[in-house]
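Geometric and topological summary
Below, each chain spelled out in residue letters.
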Amino acid sequence: MQVRLDSRKQLLFIALTCATLLSLVYISFNSPRLIMRAAKDKPEFKWRKSYIITKYENWFNDSAVTDQQTKTSWGAPIMWEGTFDPLERDEFYIQKKVVIGLTVFAIGRYIDRYLKDFLVSAEQHFMKGLQVIYYVMVDNVSKAPELQMSPGRTMNVIKVPKQSRWQDISMMRMQQINDLIQDKIRFEVTYLFCFDVDQVFVGRFGAEALADSVAQIHSAFLTASRNQFTYERNPNSAAYIAPEEGDFYYHAAVFGGTPYLVFNLTRNCLDGIIRDKSKGIEAVWHDESHLNRYFLDHKPAKLLSPEYCWDRRPAKYIRYVRMKWMPKDYKKLRDN
Ligand SMILES: *[C@@H]1O[C@H](CO)[C@@H](O)[C@H](O)[C@H]1NC(C)=O
Ligand SMILES: *[C@@H]1O[C@H](CO)[C@@H](O)[C@H](O)[C@H]1NC(C)=O
Ligand SMILES: *[C@@H]1O[C@H](CO)[C@@H](O)[C@H](O)[C@H]1NC(C)=O
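What counts, and where the lines are drawn
- Residues numbered from 1 in each chain as written.
- Chains lettered and ligands numbered in written order.
- Predicted model: local features only at pLDDT ≥ 70, side-chain atom pairs only at ≥ 80, totals over all residues.
- UniProt positions renumbered as here; feature names shortened; annotations may be inferred.
- Helix = DSSP H or I, 4+ residues; strand = E, 2+ residues; numbered from the N terminus.
- Buried ≥ 20, exposed ≤ 12 C-beta atoms within 10 Å, placed from the backbone.
- pLDDT = per-residue confidence, 0-100.
- Contact = placed C-beta atoms within 7 Å.
- Pairing = 2+ DSSP bridges.
- Axes fitted to C-alpha atoms, helices over the stretch in contact; angles between N-to-C directions.

The protein goes by N-acetyllactosaminide alpha-1,3-galactosyltransferase-like in an unreviewed UniProt entry, where it is assigned to Chiloscyllium punctatum. Taken from UniProt, the Sequence similarities (unreviewed entry) comment for the protein reads in full: "Belongs to the glycosyltransferase 6 family." You can read under Subcellular location (unreviewed entry) in the UniProt record for the protein the words "Membrane".

This is how it looks when you write it as structure tokens:
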């Protein structure tokens, strides 16, 4: 059937087509840029995807584990095996079509020693069945391993500058993640996780770990009392935490959340590191000290129990290990 348009409609049609073409040409030459306010601490820009709010009461069973704390004082769930139904959690997030980003850093000898095992094990256990984008940051791109990814999973290899001191590498990580979220990650993922490379996945690390902001309880401090936490105690440091303050000791080997909240975290940590440097201070545990300060002020929405980052010692309250540290050959791997 032929559709006949009268001349007024034809004109309108031609005008609309021209307008569309012109806007396409305009957009292709002036791609939407980040609009940032000058105020340094308050970056304001639009994010591609909105938050997914979930009421955890529906899926989280805080009485399923009785020998461990399963909720924080501010009501955030602490994830332990048994407190959730893995199939239900996967199904929930698969239906939401979430895309999960993973950043990992490997500099110098850490590439050869750890990166391949980390990535191979992530393919087996990290967010299995979900869409994942890896952002692998290395100082020598030609040394990044070539891996066969499962469908729906892709890997980006990104070159970052070499630093010689490992303390600088760990602090630079905050800057690199921050920049990458701003330039790329925020357009591509719903949730982001940032990992240290010297660990391997050995069990399910799945959708139950997703939340707007996620912190990892440090396995060495789960049973420690607050005065044993290795927070920064110099009041002149931006990472300072007073003796009577603090909730948990968090591990910088794992943190995550929405791109916006991870961005806020890395930016706040970075600001603290820079302020300290200008005073000639370096916090006792570097970026981790600043991360602990950040999570004290901005309570995480979800905490991961040490099942999610275990240091290999057997312990009766660890019934399921999801990720474990690799042996840390610091003498061989670090230049200083
Ligand atoms: C929570 O877990 C406990 C212990 O496994 C079980 O008895 C209880 O029925 C569970 N509650 C819900 C709402 O599933
Ligand atoms: C990067 O790695 C390749 C392969 O191992 C090596 O030949 C090259 O020298 C390295 N480049 C630098 C700048 O270290
Ligand atoms: C982001 O960081 C700023 C500065 O610390 C803070 O005021 C703000 O509450 C943070 N935003 C969120 C959503 O956490």
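Some remarks on the UniProt feature "active site" (unreviewed entry) in the protein
Under the present numbering, the feature "active site" (unreviewed entry) in UniProt falls on E288. In this structure, E288 sits in helix 6 (residues 287–297). Accessibility expressed as a C-beta count within 10 Å gives 24 for E288, which makes it buried.

Digging into the environment of Y250
Here Y250 lies in strand 8 (residues 250–257). Along the sequence, Y250 and I217 sit 33 residues apart, while their C-alpha atoms lie 4.6 Å from each other.

Focus on the confidence of the model for the protein
Considering every residue of the protein, the mean pLDDT works out to 86; 84% of them sit at 70 or more. Of all helices and strands in the protein, the one with the weakest mean pLDDT is helix 7 (residues 330–333) (61), whereas strand 5 (residues 191–195) scores best (98). Confidence drops under pLDDT 50 across residues 31–53; counting only partners more than four residues distant or on other chains, this segment forms 18 contacts.

Side note on the sheet that holds strand 1 (residues 78–79)
Across the sheet, which stays open at both edges, the eight strands sit in the order 1-9-7-8-5-2-3-4 with mixed pairing between neighbours. A single partner strand is all that each edge strand has here, and the edge strands are strand 1 and strand 4 (153–159). Along the sheet, helix 5 (residues 259–278) contacts strand 5, strand 7 (213–217) and strand 8; its crossing angle with strand 8, the most-contacted strand, is approximately 145°. Across the sheet, helix 6 touches strand 7 and strand 8, and the angle it forms with strand 8 is around 55°.

Focus: the pairing of strand 7
Taking burial as the measure, the five residues of strand 7 include five buried ones, the bulk of the element. The alternating pattern of strand 7 places S213, A215 and I217 on one face and V214 and Q216 on the opposite face, and all of these are buried. As paired strands, strand 7 and strand 8 are joined by four bridges and run antiparallel to one another. The partner of A215 across the bridge, within strand 8, is F255.

Some thoughts on the UniProt feature "binding site: UDP-N-acetyl-alpha-D-galactosamine" (unreviewed entry) in the protein
Residues annotated in UniProt with the feature "binding site: UDP-N-acetyl-alpha-D-galactosamine" (unreviewed entry) correspond here to F105, A106, I107, Y110, D196, V197 and D198. The largest pairwise C-alpha distance within this set of annotated residues, which runs over 94 residues, is 11.2 Å, so the set is compact in three dimensions. In this structure, D196 sits in the loop between strand 5 and strand 6 (199–201). Within the secondary structure layout, V197 lies in the loop between strand 5 and strand 6.

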